[in-house]
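# Notes for the structure review
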Amino acid sequence: MSLTVNGLQVYYRTLKGEVKALDGVSFSVRDGEILGLAGESGCGKTTLGKSLIRMDGRMRHAGGTVELDGERLPIADDARMNPYRFHKVSLIPQYSMSAMNPTRKIGKMVGELLRSRGVKLDRADLEARLAQVELPREVLDRYPIELSGGMKQRMVMVISTLLNPSLLVADEITSALDVSTQKAVARALAGFRDTGFVKSMIFITHDISLTYQIADSIMIMYAGKLAEKAPARTIVTAPRHPYTRMLIDSLPEVGVRYGDKKLSGIPGSPPSLLDPPTGCRFRDRCPLAFDKCAEEPPALEVEPDHFVACWKA
Amino acid sequence: MTVLDTALPPSPPTVRREALYFALRNGKLLVGLGVITVFLATGLLGPMLVAASPNDYVGLPMQPPSSEHWFGTNTFGQDIFVQFVHGLRTTFAVGVLGGGLAAIIGMVVGFVAGYRGGLVDEVLNMLTNIILVIPTLAVLLIINAYLGIRSVGVQALFIGLTSWPWAARAIRAQTFSLRSREFVDLARLSGARAWKIIVREIAPNMSSYLFMTFILLFGGSILIASSLDFIGLGPTEGVSLGLMLQNAHQWSALHLGLWWWFIPPGAGITAVVGALYVANVGLDEVFNPKLRET
Amino acid sequence: MLRLDGVTKVYKVGAFGGKTMTAVDRVSFDVGIGEVVSLIGESGSGKSTIGRMILGLVPSTAGSITFDGVAVKPGKAYYRNVQGVFQDPFSSYNPVFKADRVFQMIRQEYFPGVADWDERVEAALAAVRLSPGQVLHKFPHQLSGGQLQRLLIARALLLDIKLLVADEITSMLDASTRIDVLNLLADLKSRGLGVLYITHDLSLGNYLAERTVVLRRGAVVEMGLTDLVFGGPLHPYTRQLLSAVPRLHAAWEDADPVDTCLYHDKGGSGGLLEAEPGHFVACAALPGCRGAAVSPASPSG
């Protein structure tokens, strides 16, 4: 097991109280596995990604553990996390397109960054990695502004994986890109895993069809909790959690027409995480809800590698 | 607030309520506003409470502060406290009039240039830049020297007419970015006229910004007025903190050791302007979530 | 109803406007009564500029945009018939005010002193399946993105419009609410409303529209009945786009090699050929133009 997360709770401090953005999530990622993390806005997927790397000032680690390659990550301690960042676990943030210093040439910036981590830049290795994502080596002599969105995104991907981290977290990195660029970036990510630059990966997105293309398994989150986790094909073809089912059914595909097959969304909206309801959090929107749902359903392994948090599963 | 508002369940704090929450917890803002309020009250109420007029000769000359003359008397036997409270009033008047006028011109120019864009923007921008690079103080010196300034109002007018350009530029930049927001497009699709969109859609979004602009212009006007007064180009009628400083300087108060003559007006100007800037920094922290201490 | 004829938008760029950039290049299409037309393009394709020109928010450089045969002139008379909804629901509301102020603005400008205003608002809200208690008297940040977008559609319905320009209105919504807003747009058809649905998402455009216009770098490369354009794409760019769309039940295939094209890109001459009834494609000459070099849209965008 590359990554094991156990009962992780991360809360946000706000004016109105603590938002329980991540409320007891357990899962694991194998060596060489790409885990697609999907869910709607506010389900806690970005919080999960961030808490594996760096908590910002408003986040509080309220419980649970994170183990990477058998070592426990001190996620609540910013200073003690430092040796792990880049070396063991790395993040490509949501707005990484603007994460590069506009006044530095890219090559120089990469050198400085590595030096700050106490590593010397291996130019040949860097160029090999650029080639892997189909970037010409000339980009190193350019300023970030001279690169297109997709190129910047791939540049950041190269930078964040230079030290061959064990785990890479990619947070919504394709959502601002055009479809053809999106495809190239997603494939480059899978390529990183195939060549061993990263051992395993968490690919966070709201787009299930996209994550299906590159992920080995998909985890669906809802309102700060795990709803379902299964191999990618199972999630798409045989989902067990009613939320997953409704979510998949609401996705229009090329070939599906309004006139032929009217899709429908999920009525209602997710509960407020300031004061989340007891029991199953999807209960209010769930057509299958019954009395038992007032109790919180545990995430059970209903078949090998298939976890569902639902009493009806 | 309508009945419906109060009938709502306890809603999360709105933008305004949130600002108030932080305002009441911001030390800089409270201290700044407190100092300004004290001085403003002194300037407003003081002249009514002291019987003498500022240029009356009320006692022995060159008396240090005493229970009778709180700030002492000057070389002519005029009461410095009386002068101080009247001077404060004048100083605030110059600040409000000069700063207010500059704020109004700056807003009109900034809003129109930022919202209209194109040729209108270029012309207004050129005008703004011209005024901006003119050495304001020199021009004021020349105008003052030739026309002479009789009253506080005229002085405020001159200050107002020359100190608006940076405000116009800042407001123009803000308007520019707000103009491309979609709610402005929707207002246009509602058929609303340009001035209505500016006043009702754009301005409310930068009300805090406009308020801070006014505060800075207010403080700036006081400083400029005091400088003009001090170099002898102040109003010939009445009394202001700057004129007091000028008199003290002219009659060698420093050499004669009459510290009570120049310290009150000097400290007054410094305190008012300083408090305005501190309050401004506080306001910035209140309105700008990034600057808030967590 | 709405007709664009050779519409072009050229922006001046650079200091002193020395250079020009053609954002929209001789685009012609039309939207009929009760018809949903989707305008599909990637970023920089000029799709939003076209929407803004139709709404009169930016002037066109050349060509004509007519509504019911009359040249478009921004103003109250036109906006009674044509309205828009934009991409970002949170940016569409003035954050300082309550969300239902968008209704009050309509009332002030168009219906001052209408007695049954509240009933009209309720009817419009019912049409977008919102209940007044849910959404009225609230600030934008208290409502969800889907609710906000539906409020804006309701605002347009208050005016009894004939055409709605919907510019990427679902791209910031979650999957579970997105489809409801789309269905709503489709339902507007039954009210005789035309909808121009601008999107980058091919599957959404495909779901909704009877006709599809595919844009690339400001010019139309292919357009026609949605079934034909998506079922048998002719232009290599359209085929490449379709192959890049992630699908739920099929893995990404590699795109047809784009250089073996049936029709070659004329570089935006605006000329379209009718390849089959109701299906147009940009091409110089219909038969015998195989192998002409087509610059593929590089993945770097």
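Remember, predicted model here, so these are calculated numbers, not experimental data.

### Observations regarding the packing of aromatic side chains
Enumeration over the complete set of coordinates arrives at 14 aromatic pairs over all chains. Ring geometry for Phe71(B) versus Phe81(B): centroids 5.1 Å apart, planes at 90 degrees, classification edge-to-face. Remark: Phe81(B) occurs in helix α4 (residues 80-116) and Phe71(B) occurs in the loop between α3 (27-49) and α4; sequence separation between them is 10 residues. We classify Phe71(B) as partly exposed; its relative accessible area is 25%. Aromatic pair Tyr78(C) and Tyr79(C): ring centres 5.8 Å apart, planes at 45 degrees, arrangement tilted. Neither Tyr78(C) nor Tyr79(C) differs from the other in exposure class; each is buried. What links up through ring pairs into an aromatic cluster is the set Tyr222(A), Tyr243(A) and Phe282(A). Looking at Lys20(A), its charged tip hangs above the ring of Tyr11(A), at a distance of 5.5 Å from the centre. The ring of Phe111(C) has Arg120(C) sitting right over it, with the charged end atom 5.0 Å from the ring centre.

### Quick word on the nonpolar core
Membership of the largest hydrophobic core comes to 83 residues, with the highest contact counts inside it found for Phe29(C), Ile50(C), Ile54(C), Phe103(C), Ile153(C), Leu185(C) and Tyr197(C). Every residue in contact with Phe29(C), bar those within four places of it in the chain, is listed here: Leu2(C), Arg3(C), Leu4(C), Leu39(C), Ile50(C), Leu196(C), Val213(C) and Met223(C). In terms of nonpolar packing, the next biggest core, distinct from the first, is built from 65 residues, Ile214(A), Cys280(A), Cys286(A) and Trp252(C) among them.

### Some points on the pattern of salt bridges
Summed over the entire model, instances satisfying the criterion amount to 35 salt bridges over all chains. Its salt-bridge partner being Arg257(A), residue Asp227(C) comes within 2.5 Å of it at the nearest N-O pair. With Asp227(C) in helix α9 (residues 226-231) and Arg257(A) in the loop between α9 (242-249) and β11 (300-303), this pair bridges two chains. Its salt-bridge partner being Glu201(B), residue Arg101(C) comes within 2.8 Å of it at the nearest N-O pair. In this pair, Arg101(C) is assigned in helix α3 (residues 101-110) and Glu201(B) in helix α10 (residues 194-205), connecting two distinct chains. Assigned by exposure class, Arg101(C) and Glu201(B) land together as buried. By sharing partners, the salt bridges in this structure join Arg30(A), Glu33(A) and Asp305(A) into a single network.

### Topic: the pairing of strand β9 (residues 211-216) of chain C
Residues and elements named next belong to chain C. Burial analysis of β9 places 6 of its 6 residues in the buried class, the great majority of the element. The two faces of β9 match: Arg211, Val213 and Leu215 on one face and Thr212, Val214 and Arg216 on the other face are all buried. Inspection of the sheet shows strand β3 (residues 36-40) paired to β9 by 4 bridges, in the parallel sense. Counterpart to Ser38 in the pairing with β9 is Thr212. Count of turn residues in the β9/strand β10 (residues 219-225) antiparallel hairpin: 2 residues, of which Arg217 carries a positive phi of about 45 degrees.

Analysis parameters
Residues numbered from 1 in each chain as written. Chains lettered and ligands numbered in written order. Predicted model: local features only at pLDDT ≥ 70, side-chain atom pairs only at ≥ 80, totals over all residues. Heavy atoms only, no water. Phe/Tyr/Trp six-rings, centres within 6.5 Å; stacked < 30°, edge-to-face > 60°. Helix = DSSP H or I, 4+ residues; strand = E, 2+ residues; numbered from the N terminus. Buried < 20%, exposed > 50% of the residue type's maximum accessible area, 1.4 Å probe, protein only. Lys NZ or Arg CZ within 6 Å of the ring centre and 35° of its normal. Core = buried A, V, L, I, M, F, W, Y, C linked by side-chain atoms within 4.5 Å. Contact = heavy atoms within 4.5 Å. Salt bridge = Lys/Arg side-chain N within 4 Å of Asp/Glu carboxyl O. Pairing = 2+ DSSP bridges.

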